[in-house]
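Each chain, letter by letter, is given below.
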Amino acid sequence: MTSVALIKSGLNAAYFSGLTHILRKSLRGRGTIFCLHHVVPPHIKRGEFSPNAKLEISPEFLGEIIRLVRKRGYETLSLSDAIARLDEPESSHKPFAVFTLDDGYKDNLTHAQSVFNTLNCPFTVFVAPGIVEGSVELWWRGLEKIIAENISIYVEIEGFTHSYKTQSIAEKNKAWDILSSALEAAPELAQRQIIRDLAKRYNIDLQAMCLDTAMTWDEIRRLSKNPLCSIGAHTMNHYAISKLAVEDADVELVNSRVTIAEKLEQSVEHFAFPYGQECAAGPRDFGLAAKAGYVSSVTTRKGVIYDAHKNHLQALPRVMISGRYSKLRYLDAMISGVPGIIINKFKLTNVT
Ligand SMILES: [Zn+2]
């Protein structure tokens with residue numbers, strides 16, 4: 001069974017066993033922070049090579065999720081209001097649902113915003129100045145395009161040349177699995193050099209790809225004027241903070257907050273760690289984020305928010321809304337807190 005199938009069957013089992021229903025009240029905690037990326041109308045054909053489809057959901061599905069959490073008794077709050085709630089007793093409030101979107105893609109403005117507006121739902125968009133200005137190589141998008149457009153590719157990593165057939169969908173998926181893992185594991189500067197070399201060899205304009213998909217400063221400014229929207233920081237260059245030397249990590253954290261605040265003429269209180277899993281953001285980085293002046297930082301560590309997170313505001317977990325699990329019942333299971341508590345070995349927080 002693949003890992004995706006395993007997760008799906010686990011979520012299904014949790015949902016249908018009724019376990020989530022019984023435990024919902026005790027384990028759902030104070031609320032859930034959702035993590036999204038792209039919100040776009042469906043455009044991917046069944047069976048097509050589209051490894052990044054997991055980062056996309058449709059506007060309709062976003063609306064369904066907001067309606068579902070409200071039906072379950074959740075109140076949709078901004079990140080700031082949700083954090084303020086942690087200082088108040090649980091008994092005086094409904095659980096909260098917070099919607100956050102990473103990277104600052106154009107579709108957040110053109111598609112997601114109207115869903116949030118229609119349903120009067122607050123949301124936070126985390127932007128990285130380097131993505132806005134096109135200087136960040138969105139390597140996962142570049143790699144997908146290179147594999148999609150070629151029938152074989154070769155790549156040089158640490159002085160070794162690796163060749164892959166990329167003709168059939170199965171071959172493309174296999175090459176993606178190997179190369180995306182290798183790029184994710186590589187040191188940040190080496191990773192960017194590898195994708196730049198590949199892009200040059202296969203005629204891909206990484207800067208144009210980035211600028212095509214990212215909001216401009218003017219667009220972010222327009223979005224930030226929406227009273228439902230708050231803008232947070234996501235580093236300057238979308239680096240995994242834990243892979244950087246402490247001085248470089250500090251620069252990414254501080255400069256992104258200062259740059260975005262200057263561009264938008266408003267304070268920036270919240271941060272999202274790029275990639276955000278345990279290997280991309282650890283205890284050293286939570287400390288740096290606090291020192292850089294953030295009120296809170298979100299990760300992609302799994303789980304919901306408990307009272308105990310009041311003492312760990314720089315290491316907040318999120319529930320990923322992924323195209324791969326685009327079924328309401330999976331999200332319904334996730335907000336119950338049950339899958340997170342199992343993943344976190346029966347601890348309420350995962351901050352080490
Ligand atoms: Zn990101």
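Chemist: Whenever I open this one, the pattern of salt bridges confuses me. Can you help?
Modeler: Any two side chains of opposite charge can pair, on the condition that their charged atoms come close. Scanning all chains against the criterion turns up 12 salt bridges. Residue glutamate 188 is joined to lysine 243 by a salt bridge in which the shortest nitrogen-to-oxygen separation is 3.2 Å. In this pair, glutamate 188 sits in helix H9 (residues 188-201) while lysine 243 sits in the loop between strand S9 (229-233) and helix H12 (246-264), placing the two residues 55 residues apart along the sequence. Put simply, lysine 291 and aspartate 250 hold a salt bridge, and the shortest N to O gap is 3.8 Å.

Chemist: Teacher, can you tell me more about the packing of aromatic side chains here?
Modeler: For any pair of aromatic rings, the description consists of the separation of the ring centres together with the inter-plane angle of the planes. Applying the stated criterion across every chain, the model contains eight aromatic pairs. Here the aromatic rings of phenylalanine 34 and phenylalanine 99 are separated by 5.0 Å at their centres, their planes lie at 25°, and the arrangement is stacked. With a gap of 65 residues between them, phenylalanine 34 in strand S1 (residues 31-36) and phenylalanine 99 in strand S5 (residues 96-103) connect regions that are remote in the sequence. Taken individually, phenylalanine 34 and phenylalanine 99 each receive the classification buried, so the pair is uniform in this respect. One aromatic cluster is present, formed by Phe34, Phe99, Phe116 and Phe123 through successive ring pairs. Stacked on the ring of tyrosine 154, the Lys or Arg arginine 201 has its end atom at 4.3 Å from the ring centre.

Chemist: Explain the packing of H12 against helix H13 (residues 283-291) to me, please; I cannot follow it from the model alone.
Modeler: Any two packed helices are characterised by how steeply their axes cross, that is the angle between the axes, and by the distance between the axes. Viewed as axis vectors pointing N to C, H12 and H13 meet at an angle of 45°, and their least axial separation amounts to 10 Å. For the element pair H12 / H13, the angle class is oblique. Of the two possible hands of crossing, H12 and H13 adopt the one that is right-handed. Across from Val246, Ala249, Asp250 and Leu253 in H12, the residues of H13 making contact are Arg284, Leu288, Ala289 and Lys291. Per-class residue counts for the contact of H12 with H13 are five nonpolar, no polar and three charged.

Chemist: How do you make sense of the coordination of the zinc ion when you look at a structure like this?
Modeler: Geometrically, a metal with four donors at the corners of a regular tetrahedron has ideal angles of 109.5 degrees, and one with six donors at the corners of a regular octahedron has ideal angles of 90 or 180 degrees. Every protein donor of the zinc ion is accounted for by Asp103 (OD), His234 (NE2) and His238 (NE2), and the metal-donor separations fall at 2.0 to 2.1 Å. Here the donor residues of the zinc ion are spaced in sequence according to D-x130-H-x3-H. Remark: histidine 234 occurs in the loop between S9 and H12 and aspartate 103 occurs in strand S5; sequence separation between them is 131 residues.

Chemist: Looking at this model, I keep getting lost on the nonpolar core. Mind explaining?
Modeler: Soluble globular proteins tend to bury their nonpolar side chains together. Phe34, Leu62 and Phe99 are the most contacted members of the largest nonpolar core, which has 54 residues in total. Beyond its immediate stretch of four places on either side in the chain, leucine 62 contacts Leu36, Val39, Ile57, Phe99, Ala112, Val115 and Phe116. Ranked by size, the runner-up nonpolar core spans 30 residues in total, among them Ile131, Trp139, Ile157 and Leu206.

Conventions adopted
- Residues numbered from 1 in each chain as written.
- Predicted model: local features only at pLDDT ≥ 70, side-chain atom pairs only at ≥ 80, totals over all residues.
- Heavy atoms only, no water.
- Salt bridge = Lys/Arg side-chain N within 4 Å of Asp/Glu carboxyl O.
- Helix = DSSP H or I, 4+ residues; strand = E, 2+ residues; numbered from the N terminus.
- Phe/Tyr/Trp six-rings, centres within 6.5 Å; stacked < 30°, edge-to-face > 60°.
- Buried < 20%, exposed > 50% of the residue type's maximum accessible area, 1.4 Å probe, protein only.
- Lys NZ or Arg CZ within 6 Å of the ring centre and 35° of its normal.
- Axes fitted to C-alpha atoms, helices over the stretch in contact; angles between N-to-C directions.
- Parallel < 35°, antiparallel > 145°, perpendicular 65-115°, else oblique.
- Left-handed = near helix turned anticlockwise from the far one by under 90°.
- Contact = heavy atoms within 4.5 Å.
- Nonpolar A, V, L, I, M, F, W, Y, C, P; charged D, E, K, R; others polar.
- Donors = N, O, S within 2.8 Å, 3.2 Å for Na, K, Ca; no water.
- Core = buried A, V, L, I, M, F, W, Y, C linked by side-chain atoms within 4.5 Å.

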